[in-house]
Amino acid sequence: MITRPTTASELDRVLPLIAPDPGAALTADTYRSRLADGQYRPAWTWIAQEAADGTPLALAVWWGDPSDALPSALDGVFVHDSVRSAADRTDLAAAVLTAAHADYAAAGADAAPEYHLALPGDWRDRPETVAAVAWRQDAARRAGLPVSLERLRFEWTPEAGLPEPSGRLLLQPEPDDEVFVDLFRRALVDTLDADTRKEAERLGAEAQARADVAFYRDTMRGDRSWWRVARTPDGEPVGFGIPSRNHSAPVVGYLGVLPEHRGRHYADDILAEITRVLAADPAATDTPTRILADTDLTNTPMAAAFTRLGYHNNARRLVLSPH
C-alpha cells in the first residue's frame, strides 16, 4: 500500500527509515528542519507500507521552495533493512516514485521532478555506494527518470583567501534585465552546460535566456544588485556572473563567457568577482563559511577555473531526469 502521512504520529513511524545510507545524504534532523519551514511537506512524503499491519517499508522525500505548489526535486529514497535484495528494493522504490509522479502530473506538473543524489567525490570507488546508487537509479528509470547527469560540487572557504582582481576586465552592476537576457542568449552558443543546452533546444535560445533571468531574479535568494557584467577596458562585453544564494548557502549561480572570448581564462576574473561579492554580503553576519558551486563533470574548463580560484571539489551530484 502506498500512502502519505497525515498526522505527526505517522511521520514519527516512518522517520526511522531515514537512516545513514551511502546512497542518500538526507538525515532525519534535516527532514524535520525542512518540514518546519515548508521545504518538505507531508504531501510530498510518500510511503510504501505493509497492507496488513501498516509497517513502513519504503520512503521517498521530495523538496520544493516553501512558495511552490508542486515539488522541484526528489531528495531521498529509503527502503527498510528487512528488504534485502536489490530487486525487491527497486520494485518498492519504483512503485512509490511512480505513484507520486502520477499524482504530481494530475496536479499539473509538466514532468516528473528530477532526482538529486548527493555523493562523495570518489563514490565510484566505493562498492557500497555504487550498490546503493544502482537500485535507486534502476527504480528512477522505471518511474520515468532515464537520463543521468553527473555534476561536480565545489566549495570555497575563507582559508583559500579572497582572489584579487586581475585588472583585465571591468566587472560592473547592470540593472537592465534585457542586457542579461542578451548575454545569457549569446553564451548559449556551444555551452558545455548540459541542462542549459537541453532547455535551449527545447524552448529556443531567446525563451531559455528569459527563463534563466527570471529564475535567478525571482526564485533564487541572492540580491539582484549582485549581478555583474564583465567588459574589456574599452567596453566590449566578455561575459557575466550571477552571485546568488540558495536556502542554505551562498552559491555561484551562473557564470557565462561569450563564445568569441573563450580560451583566455576570463572565467577566472568573473569567478573572482562572484566570490568577492558573496564574501562581502552585507546580509551576512561575517564572512561566509563556504560558497558552493556546481559544474558538469564534462565541463573541464569550468572545473579548472574553480580549482585555480581556490575552490575544492568535495562531492558529486548525480541528477536523474525525464529528458
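Structure first, text after, so check above.
So, here is what we can say about the structure in this document. Only a predicted model underlies this, so the values are computations on that prediction, with no experimental measurement involved.

### With respect to the overall build of the protein chain
The secondary structure content of the protein chain amounts to 9 helices and 12 strands. What you see for the protein chain is a C-alpha radius of gyration of 21 Å, in line with the 20 Å of a compact globule of 323 residues. Split into buried and exposed, the 323 residues of the protein chain put 48% on the buried side. Nonlocal contacts in the protein chain, meaning residues at least 24 apart in sequence, comprise 71% of its contacts between residues at least 6 apart.

### Side note on the side chain of Gln-39
For Gln-39, the position within the fold is in the loop between helix H2 (28-36) and strand E2 (45-49). Ignoring sequence-local partners within four residues, the contact set of Gln-39 consists of Arg-34, Trp-44, Trp-62, Trp-63, Gly-64, Pro-66 and His-247.

### Here we look at the pairing of strand E10 (residues 250-257)
Summarising burial for E10: 8 of the 8 residues are buried, a large majority. Between strand E9 (residues 237-245) and E10, which pair antiparallel and follow one another directly, the connecting turn spans 4 residues.

### Digging into the nonpolar core
Note that soluble globular proteins tend to have their nonpolar side chains buried in a common cluster. Trp-62, Val-77, Leu-97 and Tyr-115 are the most contacted members of the largest nonpolar core, which has 30 residues in total. At the level of elements, E2, strand E3 (56-63), strand E4 (73-79), helix H3 (86-106), strand E5 (114-120), helix H4 (127-142) and strand E12 (312-321) are the ones that each hand at least two residues to this core. Per-element accounting of this core gives the leading share, 7 residues, to H3. Among the nonpolar cores identified, the runner-up in size contains 28 residues, and Ala-267, Ala-272, Met-302 and Tyr-311 belong to it.

### A short note on helix H6 (residues 194-203)
Of the positions making up H6, those classed as buried are Ala-194, Thr-196 and Ala-200. Considered in projection along H6, the buried side chains sweep an arc of 165° and stay on one side of the axis. Projecting away from the buried face of H6 at angles above 90 degrees are the exposed residues Glu-201 and Arg-202. On its buried face, H6 is in contact with strand E6 (147-156), helix H7 (205-218), E10 and strand E11 (291-296). Just downstream of H6 lies Gly-204, where phi reads positive at about 100°.

### Topic: the pattern of salt bridges
Scanning the model with the defined rule gives 32 salt bridges in all. A salt bridge links Arg-228 to Glu-273; the nearest nitrogen and oxygen atoms lie 3.1 Å apart. One end of the pair, Arg-228, is in strand E8 (residues 228-231); the other, Glu-273, is in helix H8 (residues 266-279), and 45 residues separate them in sequence. Here Arg-228 matches Glu-273 in class, with each residue buried. Several salt bridges converge on common partners, so that one network encompasses Glu-178, Asp-182, Arg-185, Arg-186, Glu-206, Arg-210 and Glu-260.

### Here we look at the environment of Asn-314
Mapped onto the fold, Asn-314 is located in strand E12. Assessed through its relative accessible area of 32%, Asn-314 is described here as partly exposed. Sequence separation between Asn-314 and Arg-153 is 161 residues, and the spatial gap between their C-alpha atoms is 6.2 Å. For Asn-314, the contacting residues outside a window of four places in its chain are Gly-121, Arg-153, Phe-154 and Glu-155.

### Here we look at the environment of Gly-144
Locating Gly-144 in the fold gives a position in the loop between H4 and E6. Overall, the relative accessible area of 35% leaves Gly-144 in the partly exposed class. Not counting chain neighbours up to four residues away, the residues in contact with Gly-144 comprise Ser-321 and Pro-322.

### So, the packing of H3 against H4
Orientation of H3 relative to H4, taken along the N-to-C sense of each, is 40°, at an axis distance of 8 Å. For the element pair H3 / H4, the angle class is oblique. Crossing hand, H3 versus H4: right-handed. Residues Ala-86, Arg-89, Thr-90, Asp-91, Ala-93, Ala-94, Leu-97 and Thr-98 of H3 form the contact with H4, whose participating residues are Trp-135, Asp-138, Ala-139, Ala-140 and Arg-142. Considered class by class, the residues forming the contact of H3 with H4 number 7 nonpolar, 2 polar and 4 charged.

What counts and how
Residues numbered from 1 in each chain as written. Predicted model: local features only at pLDDT ≥ 70, side-chain atom pairs only at ≥ 80, totals over all residues. Heavy atoms only, no water. Helix = DSSP H or I, 4+ residues; strand = E, 2+ residues; numbered from the N terminus. Rg over C-alpha atoms; globule rule 2.2 N^0.38 Å. Buried < 20%, exposed > 50% of the residue type's maximum accessible area, 1.4 Å probe, protein only. Contact = heavy atoms within 4.5 Å. Pairing = 2+ DSSP bridges. Core = buried A, V, L, I, M, F, W, Y, C linked by side-chain atoms within 4.5 Å. Arc of directions from axis to C-beta. Salt bridge = Lys/Arg side-chain N within 4 Å of Asp/Glu carboxyl O. Axes fitted to C-alpha atoms, helices over the stretch in contact; angles between N-to-C directions. Parallel < 35°, antiparallel > 145°, perpendicular 65-115°, else oblique. Left-handed = near helix turned anticlockwise from the far one by under 90°. Nonpolar A, V, L, I, M, F, W, Y, C, P; charged D, E, K, R; others polar.

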